[in-house]
Amino acid sequence: MAVLLPGEYEGSVCEIRTVDNTFICTGRISSIESDKIKITVKSRQFKSIPFGFRIKINVISSKMGLRVIEGKVFTYTLGTVTVTDIKSIVEGERRKYFRVDMNMTSNAFFENSFTGKITGTQIIIKNMSLNGIKFASRSHFDMGAVVNFNLQISHRKNMELTCTVIRRGNDGVNGYMSYIGRILNSSEHEDDVCSFLLQKQGEMINNTKR
């Protein structure tokens, strides 16, 4: 029997939803077999999910990208969910990493090429993946500029990421210029970045439904 979720996804962060896209909780793929997968979850909310209930699982890996599968809850024991009857919904992004659209303001710091001093500014994050970011700003950034920017992971947690500007976009408006950056240190914060992207993806889906 073919494995619908490659072994490289083992250890990856995932988001569990109902098949009609209602969020349940996040977890981590703990093991993958040909006929079942196991997911470690910490949320007590999953205790109310009955045997045989079908769930959708968004799995994200920094190397493999996004994979969406659907399966049936077989067991739930001591924080581990066993899912069987698995089928693939989305085979994965053709791009190396899946990208989430957003419109989020962030504080950023970079070395000003004219003064040589560290300058603070605001950027608007337009979309982001595990290894890349598109942002807009009124400030000017040279190609190769190193930019540190903040992400608010939760109400209590902030994270600083670093990117290098690799090209300008062509959709700047109202005094804003758009830039494309390559994130340099996402692997150091992979779990948090994955959770953040899944959260923003969920917000985007919910806003679309309204």
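Preceding this paragraph is the structure being described.
Residues numbered from 1 in each chain as written. Predicted model: local features only at pLDDT ≥ 70, side-chain atom pairs only at ≥ 80, totals over all residues. Heavy atoms only, no water.

**Quick notes on the overall build of the protein chain**
The condition is simple: Secondary structure elements are defined from DSSP: runs of H or I of at least 4 residues count as helices, runs of E of at least 2 residues count as strands, and each element is numbered from the N terminus. A contact between two residues is defined here by any heavy atoms of the two lying within 4.5 Å. Only the protein chains shown count as covering a residue, and every accessible area follows the Shrake-Rupley method with a 1.4 Å probe.
A count of helical and extended segments in the protein chain gives one helix and 12 strands. Taken from N to C terminus, the helices and strands of the protein chain fall in the order β-β-β-β-β-β-β-β-β-β-β-β-α. Expressed as a percentage of contacts within the protein chain between residues at least 6 apart in sequence, the contacts between residues at least 24 apart total 53%. Here the protein chain displays about 11,500 Å² of accessible surface, and carbon together with sulfur accounts for 48% of that area.

**So, the nonpolar core**
The test is simple: Residues belong to one nonpolar core when they are buried, are Ala, Val, Leu, Ile, Met, Phe, Trp, Tyr or Cys, and are joined through side-chain atoms within 4.5 Å. Exposure is judged per residue with a 1.4 Å probe applied to protein chains only, and the accessible area is read against the type maximum: over 50% gives exposed, under 20% gives buried, and values in between give partly exposed.
Ranked by size, the top nonpolar core spans 30 residues in total, and within it Ile125, Met128, Phe149, Leu151 and Leu197 carry the most contacts. Among the elements of the structure, β7 (100-111), β8 (118-128), β9 (132-137), β10 (146-152), β11 (158-168), β12 (177-183) and α1 (190-209) are those that each provide at least two residues to this core. Counting 21 residues, the second largest nonpolar core, distinct from the first, contains Ile29, Ile49, Val73 and Val83.

**A closer look at the pairing of β9**
Looking along a regular strand, one sees the side chains alternate between the two faces of the sheet. Where we set the bar: Two strands pair if DSSP finds at least two bridges between them.
Counting buried positions along β9 gives six out of six residues, so the element sits mostly inside the fold. Taking every second residue as pointing to the same face, both faces of β9 are buried, with Gly132, Lys134 and Ala136 on one and Ile133, Phe135 and Ser137 on the other. Here β8 runs beside β9; their pairing, made up of four bridges, is antiparallel. For Met128, the partnering residue across the bridge sits in β9 and is Ile133. Where β8 folds back onto β9 in an antiparallel hairpin, the turn is made up of three residues. As paired strands, β9 and β12 are joined by six bridges and run antiparallel to one another. Among the inter-strand pairings, Ile133 is bridged to a residue of β12, identified as Gly181.

**Quick word on the pattern of salt bridges**
Side chains that differ in charge, positive against negative, can pair when their charged atoms come close. Note the following rule: Definition used for salt bridges: Asp or Glu carboxyl oxygen within 4 Å of a side-chain nitrogen of Lys or Arg.
For the coordinates displayed, the defined rule picks out five salt bridges. Note that Glu70 is salt-bridged to Lys87, the shortest N-O span being 4.0 Å. With Glu70 in strand β5 (residues 65-77) and Lys87 in strand β6 (residues 80-90), this residue pair connects regions lying 17 residues apart in the sequence. Notably, a salt bridge pairs Asp192 with Lys157, separated by 2.9 Å at the nearest N-O pair.

**Brief notes about the layout of surface pockets**
Under the convention used in this document: In this analysis a 1.4 Å probe is tested at points of a 1 Å grid over the protein atoms alone, and where it fits but cannot get out there is a cavity; an open set with protein on both sides within 12 Å along at least five of seven lines is a pocket; lining residues have an atom within 4 Å of a point. Grid points are joined across faces, edges and corners, and a volume is the space filled by probe spheres set on the points. Three residue categories are used. Nonpolar comprises Ala, Val, Leu, Ile, Met, Phe, Trp, Tyr, Cys and Pro, charged comprises Asp, Glu, Lys and Arg, and polar comprises the others, including Gly.
In this structure, the second largest pocket encloses a volume near 160 Å³. For the lining of the second largest pocket, the elements supplying multiple residues, two or more each, are β9, β11 and β12. Split by residue class, the lining of the second largest pocket holds three nonpolar, four polar and four charged.

**Quick word on unusual backbone geometry**
Its identity is not glycine, yet Leu78 carries a phi of approximately 50°, on the positive side. Tracing the chain through its elements places Leu78 in the loop between β5 and β6. In this structure Leu78 comes out as exposed when scored by relative accessible area, which is 85%. Within the chain, Asp85 stands out as a residue other than glycine whose phi angle is a positive 50°. The topology assignment puts Asp85 in strand β6. Exposure remark for Asp85: the relative accessible area of 44% places this residue in the partly exposed category.

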